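Here is what each chain is made of, one letter per residue.
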Amino acid sequence: MEAHAATLPRERRETAGSRVWKWLKRNAIVIYGGLAIAYMLIPIALIIVFSFNDPAGKFNFTWQGFTLSHWAHPFQISELTDALMLSLRLALLATLISTVLGTMIALALVRYDFLGRRASNYLIVIPTATPEVVLGASLLSMFLIYGLSLGFTTLLIAHVMFCISFVVIVVRSRLIGFDRSLEEAAQDLGADPFTTFRKVTMPLIWPGIIAGAMLAFALSIDDFVVSNFTAGTEVTFPLYIFGAAQRGIPVQVYIIATMLFSITVIAMVFTVLQQRRADRLASVRPEQEV
Amino acid sequence: MREQRLVDLRRRLIPYFLLGPGILWLILFFVVPMYFMARLSLDTGIFPEFRFNWQFSNYSDALSAYDTQFFRAFQYSAAATVIGLLIAYPLAYAIAFRGGRWKNAMLLAVIAPFFTTYLIRTLAWETILSDNGFVVHTLQTLGLVSENGRVLATSGAVIAGLTYNFLPFMILPIYASLERLDTSLVEAAKDLYASSRQAFLRVTLPLSMPGVVAGTLLTFIPATGDYVNAQFLGGAQQAMIGNVIQSLYLKQTDYPSAAALSFTLMAVMLLIVFIYIRIAGSEALMGEEIGGADVIE
């Protein structure tokens, strides 16, 4: 009787322990994933927090105290604002050009078999397998030999060059799953090639083009290495930060980073919600089980 | 008859018309610059007077002067790639198969670093790891770092920075390949009495290899040429080949040496990529996915 009473709680403790162990084992990957995500978000949290810092000296490295005074004047530093505007202008133009050129290449590669297709494929992949520092260095070599003065034009040339390949890769992935019979159906119904392209092809590959354009924009606005070689005296946003890192980063850099981050996140969330709403409205069929 | 031939000709010319402008851009601003860099790497002279001279000794001179930085770049980026893979694969797996209704939020968190500038992220790490910061204090208290020890300006800091900065490029392709994986194959393996472990090793992992190949390449290539992390998080002792090339080009104007080093870096990189693809399969690079397009849509 006594022995029985003694073993019972021990057994129960064991089962509780093993249950926790089992739960841990089953959810280990989720816990690990959660930690990995926390790791990815730590620097972003720091950027947001430090945008409210009130640094004593010129280095915004230690927490000194909360203030909103810098947020009241986010665009106070004109060099920083100019750099940001230059980056936006450059990224928009580079995105536009590289998206058009890249989409055309992707269409040619997926839809047609022609002499030089393989060579073109290599020409598109090799730049993505080349370290950025080499891309920048080789362009600078050419500009030096031609005696071309560096500036906005050379920046644009460089940015379009490294964006094209990525646009091609993204748009091509969309085109590969494309159902050609939809186009044939349109043609059978009397649509001419141009109308077919406008009314059938474009709407279907549009998400791919948008994805390619977004990637190009992100690559361009974030580029430091290639810009460092091709900018001359022009100062883009990343170049400004690089220069300021030696002199001391003004709080405004963190504020603008926080703004850009928030705008992008809100836009992303909004797009996803819109998409879901559109999907729900468009679905004629009853919702499938999730 | 003639009209038919004209239509045929037009049809055959369409791909070249589509391809033309973009390919021309790549030839003019990728291939041609490579030629000029190759030429510059064989020049002799001191800025601004360079003469083409077939000076092959530029290569051996530059490589023997900077071999440490050259090998260090490959070591650091290999370390960052391996650590990145160890972090990214389980995370991608968790998002793809265990994400549930949190899937989109988790994906958003993965690409969130893209929404802040690369340099600012690295600066944030510099702040986190700075000498009087919380991390260093904790490590000192735990005795993992000596009393006056630092985390910044160590190889660990540079590798950590490289790992962090290229992690989304590792996660997204792996996620994309896991996401499109046909889970009924895993169920079939289990029906045939495979343990979870066997099912993972024999079914899931091989099927996700294209994502792993793409992710490792998208991490390894940019990490090797990177010089921002070594600059902000490391010191002179952690300089990588990118720092050397950058400094030779932009500060010391020793163009021939810089060009020789860039050219060697590119050649070695292409060779590694080529061998790697031969071993691991090529669909990741030549095929459809590299940037995790599915996620950005």
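Here is what the cut-offs are and how they apply
Residues numbered from 1 in each chain as written. Chains lettered and ligands numbered in written order. Predicted model: local features only at pLDDT ≥ 70, side-chain atom pairs only at ≥ 80, totals over all residues. Helix = DSSP H or I, 4+ residues; strand = E, 2+ residues; numbered from the N terminus. Buried ≥ 20, exposed ≤ 12 C-beta atoms within 10 Å, placed from the backbone. Contact = placed C-beta atoms within 7 Å. Nonpolar A, V, L, I, M, F, W, Y, C, P; charged D, E, K, R; others polar. Pairing = 2+ DSSP bridges. Core = buried A, V, L, I, M, F, W, Y, C linked by C-beta atoms within 7 Å. Axes fitted to C-alpha atoms, helices over the stretch in contact; angles between N-to-C directions. Parallel < 35°, antiparallel > 145°, perpendicular 65-115°, else oblique. pLDDT = per-residue confidence, 0-100. Left-handed = near helix turned anticlockwise from the far one by under 90°.

1. A closer look at the overall build of chain B
On a plain count of helices and strands, chain B comes out with 14 helices and two strands. The principal-axis extent of the C-alpha atoms belonging to chain B is close to 90 × 70 × 35 Å. The buried share among the 297 residues of chain B stands at 47%. The long-range share in chain B, meaning contacts at least 24 apart out of those at least 6 apart in sequence, stands at 71%.

2. Observations concerning the overall build of chain A
In terms of regular secondary structure, chain A is built from eleven helices and zero strands. Scanning chain A from its N terminus toward the C terminus, one meets helices and strands in the order α-α-α-α-α-α-α-α-α-α-α. Buried residues in chain A amount to 38% of all 290 residues. Across chain A, contacts joining residues at least 24 apart in sequence account for 78% of those joining residues at least 6 apart.

3. Looking at the interface of chain A and chain B
Each partner contributes to the interface: chain A provides 78 residues, whereas chain B provides 77 residues. Of the residues forming the side of chain A that touches chain B, the biggest block, 14 residues, is contributed by helix H1 (residues 2–50) of chain A. In terms of residue class, the side of chain A that touches chain B is made up of 62 nonpolar, twelve polar and four charged.

4. Brief notes about the pairing of strand E1 (residues 43–46) of chain B
Residues and elements named next belong to chain B. Note: E1 against strand E2 (residues 49–52), four bridges, orientation antiparallel. Looking at E2, one finds that Thr44 is bridged to Arg51. The turn linking E1 back onto E2 is made up of two residues.

5. Quick notes on the nonpolar core
One finds A:Ile105, A:Ala137, B:Ala92 and B:Ile171 to be the most contacted residues of the largest nonpolar core, which totals 154 residues. The element that contributes the greatest number of residues to this core is helix H6 (residues 155–179) of chain B, accounting for 16 residues. Beyond its immediate sequence surroundings of up to four residues, A:Ile105 is in contact with A:Ile124, A:Val168, B:Leu18, B:Leu19, B:Gly22 and B:Ile23.

6. Digging into the packing of helix H5 (residues 132–146) of chain A against helix H1 (residues 2–40) of chain B
Two elements in contact, H5(A) and H1(B), have axes whose closest approach is 7 Å; the angle formed by their N-to-C orientations is 75 degrees. Judged by the inter-axis angle, H5(A) sits roughly perpendicular to H1(B). Packed against H5(A), whose contacting residues are A:Ala137, A:Ser138, A:Leu139, A:Ser141, A:Met142 and A:Ile145, the element H1(B) presents B:Phe29, B:Val32, B:Pro33, B:Met34, B:Phe36, B:Met37 and B:Leu40 at the interface. Residues belonging to the contact of H5(A) with H1(B) are distributed by class as follows: eleven nonpolar, two polar and no charged.

7. Considerations on the confidence of the model for chain B
All names here are of chain B. Looking at chain B as a whole, its pLDDT mean stands at 83, while 94% of the residues score no less than 70. Below a pLDDT of 50 lies the segment residues 284–297, which in the model reaches 47 contacts outside its immediate sequence neighbourhood of four places, other chains included. Of the two predicted TM-score estimates for the complex, the pTM is 0.83 and the ipTM is 0.83.

8. A closer look at unusual backbone geometry
All names here are of chain B. The backbone of Tyr193 sits at a positive phi, close to 70 degrees, despite the residue not being glycine. Within the fold, Tyr193 resides in the loop between helix H7 (183–191) and helix H8 (196–207). Positive phi is not limited to glycine here, since Thr253 has a value of about 45 degrees. Take Thr253: it is sitting in the loop between helix H11 (241–250) and helix H12 (255–280). Accessibility expressed as a C-beta count within 10 Å gives 12 for Thr253, which makes it exposed.

9. Brief notes about the environment of B:Ile277
Residues and elements named next belong to chain B. Tracing the backbone through its elements, the reader meets Ile277 in helix H12. A tally of 18 C-beta atoms within 10 Å means that Ile277 is categorised as partly exposed. It is 9.6 Å that separates the C-alpha atoms of Ile277 and Ala214, two residues lying 63 residues apart in sequence.

10. Observations concerning the environment of B:Val82
Mapped onto the secondary structure, B:Val82 falls in helix H2 (residues 57–98). By the C-beta count within 10 Å, which is 15 here, B:Val82 ends up partly exposed.

11. Some details on the packing of helix H6 (residues 152–176) of chain A against helix H8 (residues 193–222) of chain A
Residue and element names in this part refer to chain A. Running from amino to carboxyl end, H6 crosses H8 at an angle of 155 degrees, the nearest separation of the two axes being 8 Å. Classified by the angle their axes make, H6 and H8 are roughly antiparallel. In this structure, H6 meets H8 at a crossing whose hand is right-handed. Contacts between H6 and H8 pair His159, Phe162, Cys163, Phe166, Val167, Val170, Val171, Ser173, Arg174 and Leu175 from the former with Ile205, Pro207, Gly208, Ile209, Ala211, Gly212, Leu215, Ala216, Leu219 and Ser220 from the latter. Residue classes in the contact of H6 with H8 are distributed as 14 nonpolar, five polar and one charged.

12. As for the environment of A:Ala45
Residues and elements named next belong to chain A. Relative to the helices and strands, Ala45 resides in helix H1. The exposed category is assigned to Ala45, around which 12 C-beta atoms lie within 10 Å. Residues Ala45 and Ile124 lie 79 residues apart in sequence; the distance between their C-alpha atoms is 37 Å.

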